[in-house]
Structures are given as C-alpha cells and as structure tokens.
Amino acid sequence: MTIDRFRTLVPLLIAAFGLLPGCQNPRPVVPGSIDEKRLVRADEEPQQWMSLGRNFIQQHHSPLKKIDTANVATLGLAWEYNFLNSRGKVNRGLEASPIVVDGVMYTSGAWSVVMAVDAKTGAEIWRYDPNVDGRYARKACCDVVNRGVQVWQGKVYVGTLDGYLVCVDAATGKEIWRADTFTDRKAFYTITGAPQIAAGKVIIGNAGAEFGVRGYISAYDAETGKFSWRFYTVPGDPANGYEHPEMEMASKTGDPKSDWSAGGGGTVWGQMAYDPELNLLYVGTGNATPYPIWYRSPAGGDNLFLASILAIDPDTGRLKWHYQTTPGEMWDFTATMNIVLADMKINGQNRKVLMQAPKNGFFYILDRTNGELISAKPFVPVNWADSVDHKTGRPVVNMANAWYKDSGKYIFPGPPGGHSWPPMSFNPTTGLVYIPTIDMAFVYENEDNYKFRPGRDNMFARQTPTPLPPDYAHYGKGWPEPEYEVLKAWDPVKQKEVWRMPFPGTQNGGVLSTDGHLVFQGSSTGYLLVMNATTGQLLKKIYTGTGIVAPPITYELEGEQYVAVMAGYGGAVLFFPGEQDAVAKYRNEGRILAFKLGGGEVPLPPVQKRADTVSAPPAKALHPKQIEKGMLLYRSYCSFCHGGFGSGHYSEVPDLSAMAPVTHEWFSDILLKGKLSYYGMSDFSDVLSPDDVEALHQFLISVQSKRYQQQKK
Ligand code: CA
C-alpha cells in the first residue's frame, strides 16, 4: 500500500466507523461519504475534490503539486466521457465543477442530468436523468445549464431546470426524494445553480430575473427533503403582508408605489458558501427586473436585497448581515459570482474574510463575521462609479456616466459584468486571486412604454455590446478600447493587478489554481490553458476542439494527479458565438476531459456541418401586413435565442432563415404543440395565437425566399 493510498483510507475508515457506532468490523466505504468533519479537514486529503470549490472555503485551489511548472509540458488526455441523455448527445453548455470523492466523480450537465463516473477511467457508474420539462428551456435566459451537484452523506443533490430539488442515492443514482421549489409555475423561474449544504440542510435558489420573477432561496432537510424555510431576496407587494421580518426592512428601501408585477428580481443562481464555525450561509443575489429603477421603484431607493451578499443563519433562515454591492441596481450588476472564504492578514490583523468579484467591476473583501467592508477596488475598467466609499461601504455612482434614462450611455462593465459566473480561484500560497475577467462596454438605452409583459424578457433596457455597430460607434469615442477576455492575477490585500493574460474567446472558463504553481483555464476557442501562477507565462496549451466555459478541478488517484474539466460551449453566450469559437468549427458535443502527465491527444469532435445552401421555402400566399406583424413577433419572441439571419451565425441554435422543408411542415405544431420541446424548443401557445404563428411563418418564408433567390443568382 502506498503512503498516499494509506492517507486516503485512514479518514475513510474513521468516517465509516463514525457512521456505524458500535460496529466491530470496518465496512466498505459508502459512496459519496462527505460530511462536515471531512469537508472542514479537506486539506488532510487533498487528493479529493469534495465541494464545488474543493473545500468548504470554496477556493477552487488544490494543494496537489505532482503536476508542476517543470513537467506540465507532458500533460495530455487520460480519458474522456461523452455526455448523453435520453435526448441523445448533449450540445448545450456544461458549467459544473465536478465533485470527486473516493475514486468517483459526480457531476451534472445540460438538462440537469447527473452522472457518477469512475474518476480513473471515465467509465459511467450511473446516470440520472430527471427528464426535465423541455418547455423550461424558453424560461432560461442563458441555456439549459446546470452548475453542479452537492454530495453529502451518501446522497447527491441537484436542482433541476424545471424547479425540483432532487436527492439521489450516491451509490445507485436512484431518486430518494424530490421537492417542488417553485412558488409559481406560471412565472419564468428556472434552476441552473447548484445547491449548497449548510447545517444539515440543502439550500437552493433559482434564476429568471431577466424575465421578471421574485428571487428567493429555500431550505430543505438534507435527509428527508422536508421543507424548512424560505428567504425572499426582494419584497413583494406589502398589501399582501411580509413573509419574514427582513421583507419589512427591505420594503422600506423602495418606493411604496413600486411595480410589483415583474417580481423585482434578485435571484440566487451562483455559488454559495457556508462557514460551519460561524454557522453562516453566504448567498449572492442577482439583478433587478425591470432594470431601470425609474420603472421599478420610481422614487428610487437602495431596493434591498438586490445585488447583495447575504449572511443567513441556516438553522432559522434569519438574516445575520447583508452587504449591498450595487444599491438601486439598474445595470444587470448581479452579485451571484462565486464567494471565496479565506483567513488573511490585512493591515497587520488576522481577518476572516469573504471575497467576491461581482459583475459591477469592484473586487470586495468583507469581514465575513459581520459584513464590514474591508476594501473594494475596481479589477476591470469601471465608469459607472468612481470608487467605493470606505466609510459608508457604498459605491460613489457617476450619474453622468451611468444614468441612461434620458439618453443612451456607454457603460463599463456591461451586463456580462467584469466577472460573471465562471469561478475565480484563490491560491493561499501565492496570496493571489485568479479572476476570469471581462473588459467590455455596453451602450444602455431606456426602452419606452414600460409595462410588464408576461412570457418574455422584461429588462426594458436596450443593451448594445462592444465592438459597437457603426451607428453606435460615436458612443465609444474618447473611451479606451475594451480588451474582452482577460485572465487576471489579483493581489487581494493590496487590491492590485499582478499579471494579466488576454486570450481570445466569446467567454472563457472558470479557474483552477494548484500548489504545482499552476493556473488552469479553458477557453471558448477550445483550449485548456496552463499558466505560471506568479508570472502568468503560458506554459501549456491543449487543443480540445470543444469550447470550455466550466472551471477545471484536480484530484489524485493511486498516486497519479488528474486535472478534469467539463467541455461544452454554452450559457449566456450559446446564442452568439464568434468565428473564433470552437463551436464554429466542431460539433458542440459535451464531454468531461481528464488529463494526466504523459497523457495522449484529445480526439476532436465531428466537424460542424452547416448547410451552405438554403432550400426552397414552401409556396404560400404572403401578405405584407402579416409579414410586418411576423417581423415584430420575431423580434419579441424568437431573436432572443435564434438571433439574426444568414452567415456569421455559428450557433447550434437553428438559423430560421434556412429552415428545412420538414420544419416548415411542422411549424405550427412546434410553436403551439411543443413538438420539439424535448430538444429545447419550447411551445409558445401561452403567448402566440394560431394567427400570430401564421404571421411569423409568413415573415420567415419571406426572409428565406430572399435568401433562396439570391443564391440562385
Ligand atoms: Ca442578469
């Protein structure tokens, strides 16, 4: 038995005995045996990766160092696992951090499918498909992704796209219990985030703030699934009473005549954290609906608890403290980015801190015992606020730059944020945080005539990204050119950049750092990149042919260190990939890729075949008024996912100006009967009438006819 193997087994045997008091003989290890004791002492068994961020402090950093700067050049493929579900091969985004414990990897993919695979070979042990209702694809702003599972005391927990918290057996993948977490099934709620375990409970949030929902998290007993408590992140109409005391407090920070129809937003879909010593659950909340405060809460106000970090007592569901990163949020400045805990020396004092790099572009260090702001500095170019006031903890908003009510404004960061959901990592050895940053500006414009529109987006702020189209170019005059995707090493104590590595891609992935002095990141262009932790020097670049947005993880088995990552392009960028992205060249077939020293080449996925000819649309009498109406409907309901027409459309979402004859034949059944809902194309019977569908079809036939005629020339 090697020393490493021995180290693996000792805590397991202790754990096994601990589970079975009075038992004389050691029992075989129970699959998925993670508990609080074991997670808190994760550094004693660094070969495991036991939570989304490895340990309870969620640093996305590993002490493993067999793969290091000297030998990483030989890193290659150990195994691959191809994602399948009952819908066939998965071509949607994969965003989860897998969990590895005792030789088994547990993870989740698109459509909330969960799997357990042998971490040494990639062989599937079991697969659990919750068969989510395909109609929920339309309720998801940003693809049918799932950001991971939690494994706890022999059970695996997942939140499904259609709103269930499901507990399955870690040994078999058999469903043990499921809870319906949605308060309103008509509203556009979805779940894409991972659950969090805290004090014997499983906590789950949801998403949907772009469409108009009211955010909340719910807690259930981890063992039985019994509902425990619910914490709303924004108040509802006070006329209906307050669900819990914090709602009375929050309602005082908004206009009593607020618009309640859109729910207010504040959804929780990011990575939470839990400190068992303080017994505090840390939760980041999302953006507002609608974005403009002048529609939502006309008299203004902070609108708690939008874009905030909340510390909640998991036993009672009561708020212990809160810190709002963006009071009166109106720019999609979500604060659901991953929360990292650390103990560090700041100004000569040992502090228990919490770090977050939310969308608003400031890097925050808070005292996690009480929510006090320690420091906040911009980690990307920021113009919506000049600074964060240290005394009040509030941003000093630059109204001239940021208030877009009366005229369009060029604002950075934009809605994707200075940092979005792909997790950053913190390396306690170098003392650096590695942040996948986005340097991008957007022109924000007010949309007139606000009225909540059920069944579709409710942002009411038009957002035009850089690079700006010619008719918007004047907005960018005098501002620096954006750099887009830049990996940054950030010194949190000094609040300053140490190195940067710009890398092309529409969205690059989350980050892993290791004590091998390495930083790992995937790119949407299909690379796994490895950098030196102190210099940022690119040490290794492995081409996979699959866009990577998820964060890599690492583990050790039988003395061999592995780095694994879920590869599958998608998320918010699913609908508008660029020419440089892997999905433009290869089919976006989701995989788990595991690497080791001396490994092989990564097999490339099948080449993406795009029809370069448009087939003849069906002969049909077209009426100009119907075409006009269809165009408006297309803009309202279709372009969100299907985008524009013609060349330059690299997405796996079909281009509706080149529909196949069978799609035309099924057109009405697809839209009104959900004929393809199983594949992610929802039915729209709640918002479109048969006449609307006819108008839409005429519009699309007219576009396809033009393309067909041009092609003949
Ligand atoms: Ca958002």
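If you're wondering where the values come from, they're calculated on a predicted model, not measured in any experiment. (Residues numbered from 1 in each chain as written. Predicted model: local features only at pLDDT ≥ 70, side-chain atom pairs only at ≥ 80, totals over all residues. Heavy atoms only, no water.)

Peer 1: What's the story with the coordination of the calcium ion in this structure? I'm lost.
Peer 2: For a metal bound by four donors in tetrahedral geometry, the ideal donor-metal-donor angle is 109.5 degrees, whereas six donors in octahedral geometry ideally sit at 90 or 180 degrees. Note on the calcium ion: its protein donors are E210 (OE), E210 (OE), N287 (OD1) and D332 (OD). The metal-donor distances range over 2.3 to 2.7 Å. Sequence positions of the donors to the calcium ion reduce to the motif E-x76-N-x44-D. In this pair, N287 sits in the loop between β18 (280-284) and α4 (293-296) while D332 sits in the loop between β20 (318-324) and β21 (340-346), placing the two residues 45 residues apart along the sequence. Considered together, N287 and D332 belong to a single accessibility category, that of buried residues. (Donors = N, O, S within 2.8 Å, 3.2 Å for Na, K, Ca; no water. Helix = DSSP H or I, 4+ residues; strand = E, 2+ residues; numbered from the N terminus. Buried < 20%, exposed > 50% of the residue type's maximum accessible area, 1.4 Å probe, protein only.)

Peer 1: I tried to follow the environment of V380 on my own but got confused; where do I start?
Peer 2: For V380, the position within the fold is in the loop between β24 (373-378) and β25 (385-388). Considered as a pair, V380 and V565 are 185 residues apart in the sequence and their alpha carbons are 26 Å apart. Excluding its chain neighbours within four sequence positions, the residues that come into contact with V380 are G361, P413, G418, T437, I438 and K488. (Contact = heavy atoms within 4.5 Å.)

Peer 1: Before we go on, may I ask you to explain the side chain of H697 in this structure?
Peer 2: Relative to the assigned elements, H697 resides in helix α8 (residues 690-712). Judged by its relative accessible area of 6%, H697 falls in the buried class.

Peer 1: So what exactly am I meant to see when it comes to the state of the cysteines here?
Peer 2: Note on terminology: disulfide describes a covalent bond linking the sulfur atoms of two cysteines. Scanning the model with the defined rule gives one disulfide in all. A sulfur-sulfur separation of 2.2 Å characterises the disulfide bridge that pairs C141 with C142. Measuring the twist about the S-S bond at about -100°, one finds the C141-C142 disulfide to be left-handed. Relative accessible area serves as the criterion here: at 23%, C142 is assigned to the partly exposed category. (Disulfide = S-S within 2.5 Å.)

Peer 1: Where do I start with the pattern of salt bridges in this structure?
Peer 2: Opposite charge on two side chains makes pairing possible when the charged atoms of those side chains draw close. On inspection of all chains with the given rule, the structure shows 37 salt bridges. Among the ionic pairs, E556 bridges to K66, the shortest N-O distance being 3.4 Å. Residue E556 is found in strand β38 (residues 553-557), and its partner K66 is found in the loop between β1 (61-62) and β2 (75-82); the two are separated by 490 residues along the sequence. Across the pair R92 and D143 runs a salt bridge whose closest N-O atoms are separated by 3.0 Å. Of the two residues, R92 sits in the loop between β4 (88-89) and β5 (99-101) while D143 sits in the loop between β8 (124-128) and β9 (150-152), which places them 51 residues apart along the sequence. Residue R92 shares its accessibility class with D143, and that shared class is buried. The network of salt bridges with shared partners includes E447, R453, R456 and D457. (Salt bridge = Lys/Arg side-chain N within 4 Å of Asp/Glu carboxyl O.)

Peer 1: Looking at this model, I keep getting lost on the nonpolar core. Mind explaining?
Peer 2: Generally speaking, soluble globular proteins have nonpolar side chains that are buried together. Residues M105, Y106, M355, F363 and Y555 are the most contacted members of the largest nonpolar core, which totals 159 residues. Sorting elements by how many residues they give to this core places strand β39 (residues 560-567) first, with six residues. Residues contacting M105, with those up to four places away along its chain left out, are W79, P98, I99, V100, M115, A116, V117, A119, I553, Y555, A564 and I592. In terms of nonpolar packing, the next biggest core, distinct from the first, is built from 16 residues, F667, F684, A695 and F699 among them. (Core = buried A, V, L, I, M, F, W, Y, C linked by side-chain atoms within 4.5 Å.)

Peer 1: So what exactly am I meant to see when it comes to the confidence of the model for the protein here?
Peer 2: Scored by pLDDT, the protein comes out at a mean of 93, with 95% of its residues at no less than 70. Throughout residues 1-25 the model reports pLDDT below 50, and contacts reaching past four residues in sequence, or to other chains, amount to 20 contacts. (pLDDT = per-residue confidence, 0-100.)

Peer 1: What am I meant to see in the environment of A564 here?
Peer 2: Checked against the element boundaries, A564 lands in strand β39. Once you skip the residues sitting within four places of it in the chain, A564 turns out to touch M105, P552, I553, Y555, L593 and A594.

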